[in-house]
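Tertiary structure, described
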Amino acid sequence: MVLLHYTRNETAPPTRHREMTESYCNVALPVPLRTTFTYAVPDAMRAQVQPGSRVLVPFRKKAMVGVVVELTDTAPEGAKIREVQKALDLIPALPPKLLELGQWVANYYLAPVGEVFRAMLPPATDVARKPQIVLTDAGRTLAEKLKAATTLTDLDGAETEFLGRLLEKKGELTFAPGGKLGITPEALQRMLRRGYLEIRETMQGRKRKMQNVVAWKGKDAEQLGKKEQRIHALLETERGPLPMPQLRKLAQVSRGLIDRMLRDGLLESWEEPIDPVEDPFDTGYTPPAHTLNETQESAFNAIRARFELGEFGVQLLHGVTGSGKTEVYLRSVQDTLARGKTAVILVPEIALTLWIGRQCRAWFGARFEGVAVLHSALSDVERAREWQRVRSGEARVVVGTRSAIFAPLENLGLVIVDEEQENSYKQEETPRYHGRDVAIVRAKLENALALLGSATPSLETYHNAVNGKYELLTMASRVENRNLAAVEIVDLRTDFQATQKANPISQTLHAGIAECLSFQTQALVLINRRGYSWSVLCRSCGASVQCVNCSISMTYHKSRNRLECHYCGSIQAVPKVCSKCESNYVYFFGEGSEHLEERLRKEFPGARIARLDRDTARTKRQYQETLGAFAGGALDILVGTQMLAKGHDFQRVTLVGVISADSSLSMPDFRAAERTFQLLTQVAGRAGRGELPGRVLIQTYYPEHYAVQDAVRQDYVSFYERELHFRRLMMYPPFTSLANVIVRHPNPENAIQWSRRLSEYFAPHDGKGLRILGPASAPLARLKMEHRYQFLLKSPKKSLLTKILSGALAFCEANEIPGTALLVDMDPLTLL
Ligand code: ADP
Ligand code: ZN
Ligand code: ZN
């Protein structure tokens with residue numbers, strides 16, 4: 001592993017005299033500077049200031065939370081050293097491997113290490129929090145035994161003494177930051193692992209709230225009144241056990257009725273804690289118990305064989321949609337746990353953490369113990385709590401989105417990256433890491449196995465598998481020999497010729513949906529833009545309404561009655577007349593999901609329709625409710641953006657419609673074909689997953705394109721070979737590595753001048769093992785009020801790119817080009 005070379009090391013003004021016995025620590029702070037800072041460690045805090053610990057330190061005029069990178073007994077010459085104000089952790093927040101991983105990320109993605117650590121940890125908003133050390137039952141029993149007589153234990157003297165002290169203090173010890181604990185973090189951790197102690201964090205004094213959950217108990221549902229029938233349907237088929245208020249709301253019944261049904265023995269109820277991480281559809285969920293089929297079995301055996309080796313490895317599980325990959329993942333996790341190790345499962349969408357999390361809890365958790373869920377939609381308190389459960393060793397399986405790769409599990413045995421090709425694994429802000437690639441590095445650091453799963457692997461990954469760098473496991477058929485959905489192309493040119501109308505719902509798609517409705521199966525309709533219309537044009541002069549901050553056209557949102565920029569979020573009133581020529585021939589062009597929903601409602605008035613996109617699903621609960629309603633059969637048609645294309649296992653979907661396959665093909669991006677192929681194949685995978693056969697209709701103006709053709713045949717290998725040929729010709733990944741460098745500033749003069757200056761640094765390197773293109777105006781020439789110029793670096797040698805880019809950052813620093821003006825994106829997914 002390459003460690004970070006700090007460009008410089010700053011120190012802070014003195015607060016007292018230095019003594020010879022004093023020790024120091026280097027602290028990474030979340031500031032955009034590629035350096036650490038040295039602070040003195042007061043004696044009382046020594047035990048709690050360890051590499052990986054969070055500390056509160058003075059920085060400039062404020063206090064900041066940072067992470068200790070290393071301890072040292074020397075401070076920079078002639079420097080003025082300030083003191084650590086508080087130690088915030090009982091045990092270091094980052095275990096050694098994660099500290100190392102963070103440094104790798106900082107180095108590889110050229111990000112300030114303090115910002116990397118900030119991204120790895122739950123927000124340190126709760127500086128005032130008071131962690132408590134609490135005796136567990138096992139700890140109490142042991143402590144009492146030890147008090148009564150000398151007993152043989154696995155504890156040393158200091159540990160025994162500490163247990164005794166805790167017993168005296170009624171089993172609880174509150175840790176005051178900066179205070180002395182009288183025990184080393186290592187010893188503390190040992191006792192935590194053996195289950196004698198627990199760390200409890202009282203989060204803003206909140207107690208766990210309880211709620212009343214109701215379930216169906218009666219036997220037959222006959223001879224029920226209408227309202228009772230509704231309750232029966234909700235509790236037995238649509239949802240499962242529900243909290244009382246939710247049941248009343250959904251069934252529209254009075255508390256009195258439910259009480260009566262409880263008395264009559266038709267219902268039962270119990271008290272349960274309201275856990276914000278908990279999934280309301282969780283209770284009563286039993287996962288289907290499948291015995292693995294032959295294909296799954298052989299994949300699983302190969303995974304187990306890897307475990308036996310006990311060393312780092314990467315496997316690619318290439319399984320068509322519906323081949324039962326989840327089952328293989330779960331068995332692998334089970335096997336990992338049985339070996340005393342821990343596991344992470346990364347999924348590309350928050351919605352999927354709920355689904356996979358639910359299955360994991362059903363498999364591995366008596367209640368919710370053992371499984372933690374981490375994603376960005378959790379509140380700070382929830383996130384901190386889940387994180388703490390992982391750090392203390394209570395949770396041994398983590399399910400989460402990209403940043404969950406930094407979960408502080410120890411003794412990691414397995415990292416699963418589901419749908420490894422998904423763009424959402426890439427973070428598009430500092431640090432710009434790719435969750436899958438970090439997963440592989442983490443697995444390597446921890447001697448663990450990385451298991452990448454996909455029906456449509458990224459070109460890079462499949463290339464590595466073909467090369468033998470990764471082991472390829474293939475599952476080529478669906479479970480139970482179900483057929484892949486039949487995919488048909490709807491040529492929009494012919495549809496238009498026949499109807500003379502540009503309707504986003506072609507005649508064929510309309511007929512298909514009507515058929516679904518008559519058979520009472522479900523349809524999923526996908527469109528890749530949200531909003532009502534994604535362009536507002538003047539018919540008279542041709543001007544389009546652009547964002548004031550970006551070179552992007554504004555999207556019309558009808559229900560909110562305004563225009564929105566999907567890049568910077570700015571809004572404008574809906575124009576009545578053209579702002580350029582004042583004509584009133586303003587028209588809206590290009591359908592979005594809101595428009596499509598409206599049309600479907602018009603064309604299918606009786607159908608139960610819902611829409612799922614970032615406008616309708618702003619919270620986790622909204623996601624769950626819509627997805628739950630669809631999965632439970634309470635909806636006929638679900639309209640949505642690509643968030644619907646991934647992973648979901650809806651059993652009654654027989655038709656999937658794709659409104660336009662072309663919008664992703666026409667993007668100015670070398671990955672356009674790959675994205676289109678992946679999207680179409682994934683979408684096709686949502687149909688016909690249950691016992692009913694599925695049908696997919698793809699509407700397009702370019703039916704000949706190979707991305708569309710190969711998707712129709714669901715032929716990954718054919719697509720891979722054609723696309724690989726193109727990448728080789730064009731010298732794109734996987735044949736070369738890319739880095740995108742953007743110079744940006746609100747003032748165009750600055751952006752131009754700085755990019756010229758930077759090209760002086762780059763010019764002499766061009767042609768020496770790498771190609772440097774630019775500066776050119778970026779495809780998104782203006783974004784969030786900033787003007788943007790672009791360099792593209794290409795080299796078959798990643799280490800060379802890192803070296804040159806690191807030099808570029810130093811050059812900018814030396815030439816007073818502000819760090820914020822430079823955006824460096826290593827292995828970029830888009831070049832916009
Ligand atoms: P994938 O992730 O590969 O698209 P899933 O893991 O979602 O597929 O599995 C598809 C469906 O097949 C699920 O409903 C799952 O419960 C079911 N399934 C998985 N394994 C088996 C099996 N061995 N026999 C029968 N059904 C199975
Ligand atoms: Zn005009
Ligand atoms: Zn904008």
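Before going into details, it helps to say that this report is about the structure given with it. (Residues numbered from 1 in each chain as written. Chains lettered and ligands numbered in written order. Predicted model: local features only at pLDDT ≥ 70, side-chain atom pairs only at ≥ 80, totals over all residues. Heavy atoms only, no water.)

**Details of the overall build of the protein chain**
The criterion, for reference: Strands are runs of DSSP state E lasting at least two residues, helices are runs of H or I lasting at least four, and both sets are numbered from the N terminus onward. Contacts were defined at the residue level, with two residues in contact if any of their heavy atoms lie within 4.5 Å. Note that accessible areas follow from Shrake-Rupley with a 1.4 Å probe, and for residues the cover is restricted to the protein chains shown. The positive count covers Lys and Arg only, the negative count covers Asp and Glu only, and His and the chain ends enter neither. By convention, charge coordinates are those of NZ in Lys, CZ in Arg, CG in Asp, or CD in Glu.
A tally of regular secondary structure across the protein chain gives 24 helices and 35 strands. Counting only C-alpha atoms, the protein chain reaches 90 × 80 × 55 Å along its principal axes. Sequence separation of at least 24 residues holds for 75% of the intrachain contacts in the protein chain that already meet a minimum separation of 6. As presented, the protein chain carries roughly 36,800 Å² of accessible surface, and 51% of it is formed by carbon and sulfur atoms. Between the mean site of the 107 positive side-chain charges and the mean site of the 94 negative ones, the protein chain shows a separation of 4 Å.

**Points about the coordination of the zinc ion (ligand 2)**
This is how it is decided: Nitrogen, oxygen and sulfur within 2.8 Å of a metal are treated as its donors, or within 3.2 Å for sodium, potassium and calcium (Na, K, Ca); water is not counted, so a site can appear incomplete. The geometry test gives tetrahedral to four donors whose angles all lie between 85 and 135 degrees, gives square planar to four donors and octahedral to six donors whose opposite members are over 155 degrees apart with all other angles between 65 and 115, and gives irregular to the rest. Think of it in three bands: residues with accessible area under 20% of the maximum for their type are buried, residues over 50% are exposed, and the middle band is partly exposed, with areas taken using a 1.4 Å probe on protein chains only.
The zinc ion (ligand 2) binds to the protein through Cys-538 (SG), Cys-541 (SG), Cys-578 (SG) and Cys-581 (SG); the donor distances cover 2.3 to 2.4 Å. Between the four donor atoms coordinating the zinc ion (ligand 2), the angles at the centre fall across 107 to 113 degrees, so the site counts as tetrahedral. Counting the intervening residues between successive donors of the zinc ion (ligand 2) yields the motif C-x2-C-x36-C-x2-C. Placement of the pair is Cys-538 in strand E23 (residues 533-538) and Cys-578 in the loop between strand E26 (571-572) and strand E27 (586-591), with a sequence separation of 40 residues. Relative accessible area serves as the criterion here: at 7%, Cys-578 is assigned to the buried category.

**Structural notes on the site of ligand 1**
This is how the line gets drawn: Whether a residue is near a molecule or strand depends on its heavy atoms: if one lies within 4 Å, it is near. Between N or O atoms, a polar contact is any pair within 3.5 Å; within protein, one atom must be a potential hydrogen donor and the other a potential acceptor, and residues adjacent in sequence are included only when both atoms are from side chains. Put simply, Ala, Val, Leu, Ile, Met, Phe, Trp, Tyr, Cys and Pro go in the nonpolar bin, Asp, Glu, Lys and Arg in the charged bin, and everything else, Gly too, in the polar bin.
Close to ligand 1 lie 19 residues; Gln-296, Gly-322, Thr-326, Asp-649 and Arg-689 are nearest. Contacts to ligand 1 include Thr-326, whose side-chain N or O atom sits 2.6 Å from an oxygen atom. Counting residues per element, the shell around ligand 1 draws most heavily on helix H10 (residues 325-338), which supplies three residues. Partitioning the shell around ligand 1 into residue classes produces four nonpolar, 10 polar and five charged.

**Brief notes about the sheet that holds strand E35 (residues 822-826)**
Cut-off, in case you're wondering: Two strands make a pair as long as DSSP finds a minimum of two bridges between them. Angular values range over 0 to 180 degrees, each being the angle between N-to-C directions of two axes fitted as lines to C-alpha atoms, with helices fitted over their stretch in contact.
Taken together, four strands build an open sheet; the order of strands is E33-E34-E32-E35 and the sheet is antiparallel. Each edge of the open sheet carries a strand with a single partner, namely strand E33 (771-783) and E35. Ignoring which end each strand starts from, the neighbouring axes of this sheet average 20 degrees apart. With nine bridges joining them, strand E32 (residues 737-745) and strand E34 (residues 786-795) adopt antiparallel strand pairing.

**Details of the pattern of salt bridges**
Between side chains of opposite charge, pairing is possible as soon as their charged atoms come close. Defined as follows: Take a side-chain nitrogen of Lys or Arg and a carboxyl oxygen of Asp or Glu: if they are within 4 Å of each other, that pair is a salt bridge.
The tally for this structure, following the rule as stated, stands at 40 salt bridges. The closest approach of N and O atoms between Glu-471 and Arg-306, which form a salt bridge, is 3.1 Å. Residue Glu-471 is found in strand E20 (residues 471-475), and its partner Arg-306 is found in helix H9 (residues 294-309); the two are separated by 165 residues along the sequence. A relative accessible area of 26% places Glu-471 in the partly exposed class. Note that Arg-562 and Glu-564 form a salt bridge whose closest N and O atoms lie 3.0 Å from each other. A relative accessible area of 28% places Arg-562 in the partly exposed class.

**Considering the coordination of the zinc ion (ligand 3)**
Summarising the metal site, the zinc ion (ligand 3) is bound by the protein donors Cys-547 (SG), Cys-550 (SG), Cys-565 (SG) and Cys-568 (SG), whose distances to it range over 2.2 to 2.4 Å. Of note is the zinc ion (ligand 3), whose four donor atoms meet at the metal with angles of 100 to 116 degrees in an arrangement that counts as tetrahedral. All donor residues of the zinc ion (ligand 3) come from one chain, and their arrangement in sequence is C-x2-C-x14-C-x2-C. Taken together, the residues Cys-547 in the loop between E23 and strand E24 (555-557) and Cys-565 in the loop between strand E25 (562-564) and E26 connect sequence positions 18 residues apart. Cys-565 shares its class with Cys-547; the two are buried.

**Some words on the sheet that holds strand E29 (residues 637-640)**
Spatially, E21-E31-E30-E22-E29-E28 is the arrangement adopted by the six strands of the open sheet, whose pairing is parallel. The open sheet has two free edges, formed respectively by strand E21 (486-491) and strand E28 (609-612), since each of these has just one partner strand. Taking each pair of neighbouring strands and ignoring which way they run, the sheet shows an average axis angle of 20 degrees. Sheet analysis places strand E30 (residues 653-658) next to strand E31 (residues 695-700), joined by four bridges and oriented parallel. Bridging across to E31, Val-656 finds its partner in Val-696. Taken strand by strand, helix H15 (residues 492-499) contacts E21 and E31, and its axis lies near 50 degrees from that of E21.

**Here we look at the nonpolar core**
Where we set the bar: Within this scheme, the nonpolar core is defined by two criteria: the residues are buried Ala, Val, Leu, Ile, Met, Phe, Trp, Tyr or Cys, and they are joined through side-chain atoms within 4.5 Å.
Membership of the largest hydrophobic core comes to 117 residues, with the highest contact counts inside it found for Phe-117, Val-438, Leu-758, Phe-762 and Leu-793. At eight residues, the largest contribution of residues to this core is made by helix H24 (residues 798-814). When sequence neighbours within four positions are dropped, the list of residues in contact with Leu-793 reads Ser-737, Leu-738, Ala-739, Val-741, Phe-762, Leu-770, Arg-771, Ile-772, Leu-801, Ile-804 and Leu-805.

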